[in-house]
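Each chain, written out:
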Amino acid sequence: MSNTTASTNRTASTSTTVLVTGGERKLRRHTRRVEPIYYLFLLPTLVIFTLAITVPGVIGIFFSFTDSIGIGEWSFNGLTNYIALFSDPAILQSYLFTFGFSIATVVVVNVIAFMLAVGLTSRIRFKTSLRAIFVIPMVISGIIIAYVFNFLFSNSIPAAGAAAGIPWLETSLLANPDLAWVAIVIVTAWQAIPGTLLIYIAGLLSVPGEVYEAASIDGASKAQQLTRITLPLVAGYVVINVILGFKGFLNAYDIIVGLTNGGPGTSTRSVAMTIIAGFNGGDYAYQMANATIFFIVAVLISLLQLSLTRGRNAL
């Protein structure tokens, strides 16, 4: 019997360490040994990620220090591409548009999504069906959404404006260099709101109902409960949605292509569009430098996200 027990202990995957504190109580700490089979399952993913993401990224950063056009001979030119970036009006304008568009869209998406989440977690009828309806835009391709709204902004809305005698609606927003970004914000928000809405619903459902009951007994109004109870308790979810949304909107491409293709002129050309256009136009090394800078910006935003969300219950 003792031999069987000893053999079982030697082959067990879990070891137990006994800690004695103050001579009074014992704490058992279980240390689980990682099975080699787990590394075997991890290896294919690691190899694919390295070959598909890491290696091309390193190669791209390498060529950003050259004068390569993507094919043929090339030579090193040091920091020439990076220096030129900061004096290129087209590059600076694309960054200005991208950051401005991202900030505006984050505000619109989070305000509307939070209001919808509050409504869809209240005591209303058919709230389950309404939740399903509101998440439909999330599963539709961005380019399809862009083409549908392109038709609406270019044909349906101007026709409705002309019929109603509203002059400012008779011209398409997409043809106005000063207002085309508004149409992009509207369409991007329409697709992004469902995902943000689901996160807010999860946050609101995690708030204990007893908190609101106690607040009601103390005479707090619905507005006071919203501002002094709900918002502080879901602050972690707000931070997550803001950071994730901003980081995602920085990569805006398909909706902009389908709506304006960067126009009128280059007024709505994002950084992603500028990089891809450069690849197709023979500015490979120059746009690789641009992509490297953009990658650094994304990493800094990711680090900011981690620092702001670390330790929050929302995670």
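Residues numbered from 1 in each chain as written. Predicted model: local features only at pLDDT ≥ 70, side-chain atom pairs only at ≥ 80, totals over all residues. Heavy atoms only, no water.

Glancing now at the overall build of the protein chain. Along its length, the protein chain carries 13 helices and two strands. Classification of the 315 residues of the protein chain by burial places 31% in the buried group. Considering only contacts in the protein chain between residues 6 or more positions apart, those separated by 24 or more positions represent 65%. Surface exposure of the protein chain reaches about 19,200 Å², of which carbon and sulfur atoms provide 68%. (Helix = DSSP H or I, 4+ residues; strand = E, 2+ residues; numbered from the N terminus. Buried < 20%, exposed > 50% of the residue type's maximum accessible area, 1.4 Å probe, protein only. Contact = heavy atoms within 4.5 Å. Areas by Shrake-Rupley, 256 points an atom, 1.4 Å probe, with all protein chains shown as cover.)

Next up on the list: the packing of aromatic side chains. If you walk through the whole model with that rule in mind, you get 16 aromatic pairs. Centroid distance Phe114 to Tyr200: 5.4 Å. Interplanar angle 85°. Geometry classified as edge-to-face. Here the residue Phe114 occupies a position in helix H4 (residues 89-120), and Tyr200 occupies one in helix H7 (residues 180-205), the gap between them amounting to 86 residues. Across the pair, Tyr200 and Phe114 agree in class, each one buried. (Phe/Tyr/Trp six-rings, centres within 6.5 Å; stacked < 30°, edge-to-face > 60°.)

Time to look at the packing of H4 against helix H10 (residues 235-249). When two helices pack together, you describe them by how their axes are tilted relative to each other and by the distance separating the axes. Orientation of H4 relative to H10, taken along the N-to-C sense of each, is 145°, at an axis distance of 9 Å. As H4 packs across H10, the resulting crossing turns out to be right-handed. Seen from H4, the contacting residues are Phe99, Phe101, Ser102, Ile103, Thr105, Val106, Val109 and Asn110; seen from H10, they are Val238, Asn241, Val242, Gly245, Phe246 and Phe249. Its residues placed into classes, the contact of H4 with H10 shows nine nonpolar, five polar and no charged. (Axes fitted to C-alpha atoms, helices over the stretch in contact; angles between N-to-C directions. Left-handed = near helix turned anticlockwise from the far one by under 90°. Nonpolar A, V, L, I, M, F, W, Y, C, P; charged D, E, K, R; others polar.)

The next point concerns the side chain of Thr105. In this fold, Thr105 is placed in helix H4. Overall, the relative accessible area of 0% leaves Thr105 in the buried class. Those residues in contact with Thr105, other than ones at most four positions away along the chain, are Val185, Thr188, Ala189 and Phe249.

In this section: H10. End to end, H10 covers 21 Å across 15 residues, agreeing with the expected 21 Å (1.5 Å per residue, within 8%). Within H10, burial applies to Gly236, Tyr237, Val239, Ile240, Asn241, Ile243, Gly245, Phe246 and Phe249. (Expected span 1.5 Å × (residues − 1).)

With an omega of -5°, the peptide bond running from Gly263 to Pro264 counts as cis. If you trace the backbone, Pro264 turns up in the loop between helix H11 (254-259) and helix H12 (271-280). The phi angle at Asn261 is positive, at roughly 55°, despite the residue not being glycine. Within the secondary structure, Asn261 sits in the loop between H11 and H12.

Further remarks concern the side chain of Ser68. Considering the arrangement of structural elements, one finds Ser68 in the loop between helix H2 (36-63) and helix H3 (80-85). Judged by its relative accessible area of 6%, Ser68 falls in the buried class. The residues touching Ser68, leaving out its near neighbours within four places in the chain, are Phe63, Trp74, Tyr284 and Ala285.

Following the sequence through the fold, Leu244 ends up in helix H10. Residue classification places Leu244 among the partly exposed positions, given a relative accessible area of 37%.

What follows is about the nonpolar core. Counting 48 residues, the largest nonpolar core has Phe101, Phe153, Val187 and Leu259 as its most contacted members. Mapped by element, the contributors of at least two residues to this core are H3, H4, helix H6 (142-164), H7, H10, H11, H12 and helix H13 (284-309). Ranked by residues supplied to this core, first place goes to H7 with eleven residues. Not counting residues within four places of it along the chain, the set of residues in contact with Phe101 comprises Ile184, Val185, Thr188, Phe249 and Ala252. (Core = buried A, V, L, I, M, F, W, Y, C linked by side-chain atoms within 4.5 Å.)

Glancing now at H12. The set of residues buried in H12 consists of Val271, Ala272, Met273, Thr274, Ile275 and Gly278. Once H12 finishes, Gly282 follows within two positions and takes phi at roughly 90°, a positive value.

If you trace the backbone, Ile112 turns up in helix H4. On the basis of relative accessibility, which here comes to 35%, the residue Ile112 falls in the partly exposed class. Remark: the alpha-carbon pair of Ile112 and Trp190, spanning 78 residues in sequence, is separated by 9.9 Å.

Another point: the environment of Arg269. Note that Arg269 resides in the loop between H11 and H12. Each residue touching Arg269, except ones within four places of it in the same chain, is listed here: Gln93, Ser94, Phe97, Gly262, Thr274 and Ala277.

Take the packing of H4 against H7 next. One way to put it is that H4 packs onto H7 with a least axis distance of 6 Å and a crossing angle of 45°. In this view, H4 runs oblique relative to H7, as classed from their interaxial angle. Helix-helix and strand crossings are classified by hand; for H4 and H7 the assignment is right-handed. A class-by-class count of the residues in the contact of H4 with H7 yields 22 nonpolar, four polar and no charged. (Parallel < 35°, antiparallel > 145°, perpendicular 65-115°, else oblique.)

Turning our eyes to something else, we now look at the confidence of the model for the protein chain. On average, residues of the protein chain score 84 in pLDDT, and 88% of them reach the 70 mark or higher. Confidence drops under a pLDDT of 50 for residues 1-27, and excluding neighbours within four residues, the segment shows 27 contacts in the predicted structure. (pLDDT = per-residue confidence, 0-100.)

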